[in-house]
Amino acid sequence: MTTLRFEHGTVHAETDAAEADTALADLPNVEVDPRSGGFRAPAMYYADLRDALVAAGIDFEDRIAPVVDSDRSLSTTYDLRSYQRDALDSWLDADSRGVVELPTGAGKTVLAVAAMAAHSVPTLVVVPTIDLQDQWLRELETEFDVPVGRFGGGEQTQESITVSTYDSAYLRADDVGGDFGLVVFDEVHHLGGEGYQDIPRFLAAPARLGLTATFERPDGEHERVAELVGRRLYRLDVDDLAGDHLADYEVRRVEVELTAAEREAYDEAQSTFVNYLRSSGLSMQSGSDYQKLVMRSGTDPRARKALLAKQRARDVMMNSEAKVDKLARLLARHREDRVIIFTASTDLVYRISRRFLVPPITNETGTKERREILARFRDGTYDTVVAANVLDEGVDVPDANVGILLSGSGSEREFTQRLGRILRPKSDGSTATLYELVSVETAEERVADRRR
DNA sequence: TTGACTCAACATCCTTTGCTACAA
DNA sequence: TTGTAGGTTTCCATGTTGAGTCA
């Protein structure tokens, strides 16, 4: 009898008939295992092996397929919105493999719950942060009324529905990868990271759903994600839902001038950088060109000096005094509003916090304190918070109607996530506003263009 | 159980002009 | 002539997170 087993992140086919050998031998990604005499492939190809055996009419014992308990089939009370239904149908039509891209606040969790109910198989949900893990646990326990396991945050309990962090999934996938029939990757763009790519490889789950608001990655690794989880099947962006399921919004670019001293410092540092590029023949057309410079800086003192100068220039343009002055005027204008201030540096967060007496949140803010601040922001005790990159993703941030980008990277993802923080529909139907402060005649103008 | 700490991993980091070698 | 890719056994700094360890 031919048998399929899960072993350490792989699927192993033990065969005892020539027909089975023939059916498996030509499959891509499947190799002969000289030790066992059978065939072996990364667990992600489990469905290919199974389908090949079925197609060849071969009787086999499948020790991987998760047992479906008919008494515990999942059902959901959610009423899907039309676009959620369309996204779900696209996914089901694509053999339950693929990525759905929806903006923050569009109800990706609801879609995942519907997908889980549609399959009713043991499911692993993978999320990037403990905070998101808590949210998913609450949601799933409420919706399905079944125990939900947890990998991460100091706990390792497995249930037919288990929510894991990416880090714990990485540590456990080669062990438990054969136990799930469906895997949901929340914020699936994280799978572009080199190490995390092993997670979907080590999982046998034939059904795979990726959720994200920003699928494409500047490094192109979303192509890899598509190979591991499935291609992007459905996509809506903020503008498709604004005014209907999300708040209407406007983005206002506010240009600020550097002070004379800042201008001098910026020009000096920037010209050190540019002069080095000219003299060394380096062109800067992409991130990989920048990477070349970084590598060179490990051995070439001039390259290192140029790189440090570039960082000084960035500091000046992103943290200029003029921006803080402009911020004062914006805060005065929006005294009645709920405001989140975003920066790219923790120093600036604390500077603003001290000057405007606004609670700061950075990576240095402990979990307990962070929750307290957000709770007070939620209940209205605070009407403004200032954060570095902490609130961009993976945190349940209370709604605001004004966002102020004091500084940020050229990342489209970061911009989209920050915009998403102010787009929850307003009870009075009012428009959300995102201010983008840009130092004129600096590289920040290009940075701001790039992220849009 | 909690908090402080270390560690590893991941993400961003980008000019305004135009080199060199090689394949089609 | 035109188009395209470009070496390396990584990795300047900063921000952020989760896991693990220890007191």
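None of the values given here were measured: they were computed from a predicted structure.

J.: Could you clarify how one ought to interpret the overall build of chain A in this entry?
T.: Helix and strand counts for chain A stand at 17 helices and 19 strands. Taken over the C-alpha atoms alone, chain A extends approximately 80 × 55 × 40 Å along its principal axes. Classification of the 452 residues of chain A by burial places 52% in the buried group. Restricting the contact set of chain A to residue pairs at least 6 apart, pairs at least 24 apart contribute 72%. Of the accessible surface of chain A, which amounts to about 21,000 Å², a share of 45% is contributed by carbon and sulfur atoms. Between the mean site of the 55 positive side-chain charges and the mean site of the 79 negative ones, chain A shows a separation of 8 Å.

J.: Would you mind showing me how to read the UniProt feature "domain: Helicase ATP-binding" (unreviewed entry) in chain A here?
T.: Mapped onto the present numbering, the UniProt feature "domain: Helicase ATP-binding" (unreviewed entry) falls on residues 89-233. Helix makes up 39% of residues 89-233 and strand 25%. Its end C-alpha atoms lie 10 Å apart.

J.: What should I look at first to understand helix α17 (residues 444-451) in this one?
T.: The periodicity of an α-helix, 3.6 residues per turn, causes residues three or four positions apart to be oriented the same way. Burial in α17 covers these residues: Glu444, Val447, Ala448 and Arg451. Taken down its axis, α17 places every buried residue within 95 degrees of arc, on the same side. Opposite the packed face of α17, turned more than 90 degrees from it, sit the exposed residues Arg446 and Arg450. Against the buried residues of α17 lie β14 (249-256), α12 (301-318), α13 (321-333), α16 (412-420) and β19 (432-439).

J.: Would you mind showing me how to read the sheet that holds strand β8 (residues 148-152) here?
T.: In a beta sheet, neighbouring strands pair by backbone hydrogen bonds and run either parallel or antiparallel. If you walk across this open sheet you meet the eight strands as β9-β8-β10-β7-β11-β12-β6-β13, and the pairing is mixed. Looking at strand neighbours, the two that pair on one side only are β9 (155-157) and β13 (232-235), the edges of this open sheet. Ignoring which end each strand starts from, the neighbouring axes of this sheet average 20 degrees apart. With three bridges joining them, β8 and β9 adopt antiparallel strand pairing. Paired with Gly152 across the two strands is Glu155, which belongs to β9. Sheet contacts for helix α5 (residues 130-144): β7 (123-127), β8, β10 (161-165), β11 (182-186) and β12 (207-212); angle to β8, the most-contacted strand, approximately 170 degrees.

J.: In this structure, what is going on with the nonpolar core? I would like to understand it.
T.: When a protein is soluble and globular, its nonpolar side chains tend to lie buried together. Within the largest apolar cluster, 60 residues are counted, with the highest numbers of intra-cluster contacts made by Trp136, Leu140, Phe144 and Leu391. Residue contributions to this core peak at eight residues, all from helix α4 (residues 108-119). No fewer than three residues from each of domain 2 (70-236) and domain 3 (249-257 + 320-451) sit in this core. Those residues in contact with Leu391 that sit more than four places away from it in its chain are Ile340, Phe342, Ile361, Leu374, Val385, Val397 and Arg421. By size, the runner-up hydrophobic cluster in this structure holds 42 residues, among which are Leu4, Ala20, Ala23 and Val183.

J.: What is the right way to read the sheet that holds β14 from this model?
T.: The parallel open sheet is built from six strands, whose spatial order is β14-β19-β18-β15-β17-β16. The open sheet is flanked by β14 and β16 (360-361), the only strands paired with a single partner. Where strand β15 (residues 339-342) meets strand β17 (residues 384-387), four bridges bridge the pair, whose relative direction is parallel. Across the sheet, residue Ile340 finds its bridge partner in β17, namely Val385. Relative to β19, α13 is tilted by about 160 degrees, and along the sheet it contacts β14, β15, β17, β18 (402-405) and β19.

J.: Whenever I open this one, the pattern of salt bridges confuses me. Can you help?
T.: Two side chains of opposite charge can pair, provided their charged atoms sit close to one another. Inspection of the entire model under this criterion finds 26 salt bridges. Glu101 is the partner of Arg235 in a salt bridge, and the nearest nitrogen-oxygen pair spans 3.5 Å. Residue Arg235 is found in strand β13, and its partner Glu101 is found in strand β6 (residues 97-101); the two are separated by 134 residues along the sequence. Judged by relative accessible area, Arg235 falls into the partly exposed class, the value being 45%. Where Asp134 meets Arg371, a salt bridge forms, and the shortest distance between an N and an O atom there is 3.2 Å. Of this pair, Asp134 sits in helix α5 while Arg371 is found in helix α15 (residues 367-379), placing the two residues 237 residues apart along the sequence. One continuous salt-bridge network, built from bridges that share partners, spans Glu101, Glu216, Arg232 and Arg235.

What counts, and where the lines are drawn
Residues numbered from 1 in each chain as written. Chains lettered and ligands numbered in written order. Predicted model: local features only at pLDDT ≥ 70, side-chain atom pairs only at ≥ 80, totals over all residues. Heavy atoms only, no water. Helix = DSSP H or I, 4+ residues; strand = E, 2+ residues; numbered from the N terminus. Buried < 20%, exposed > 50% of the residue type's maximum accessible area, 1.4 Å probe, protein only. Contact = heavy atoms within 4.5 Å. Areas by Shrake-Rupley, 256 points an atom, 1.4 Å probe, with all protein chains shown as cover. Lys, Arg positive; Asp, Glu negative; His and termini not counted. Charge placed at Lys NZ, Arg CZ, Asp CG, Glu CD. UniProt positions renumbered as here; feature names shortened; annotations may be inferred. Arc of directions from axis to C-beta. Pairing = 2+ DSSP bridges. Axes fitted to C-alpha atoms, helices over the stretch in contact; angles between N-to-C directions. Core = buried A, V, L, I, M, F, W, Y, C linked by side-chain atoms within 4.5 Å. Domains from an automatic or database assignment. Salt bridge = Lys/Arg side-chain N within 4 Å of Asp/Glu carboxyl O.

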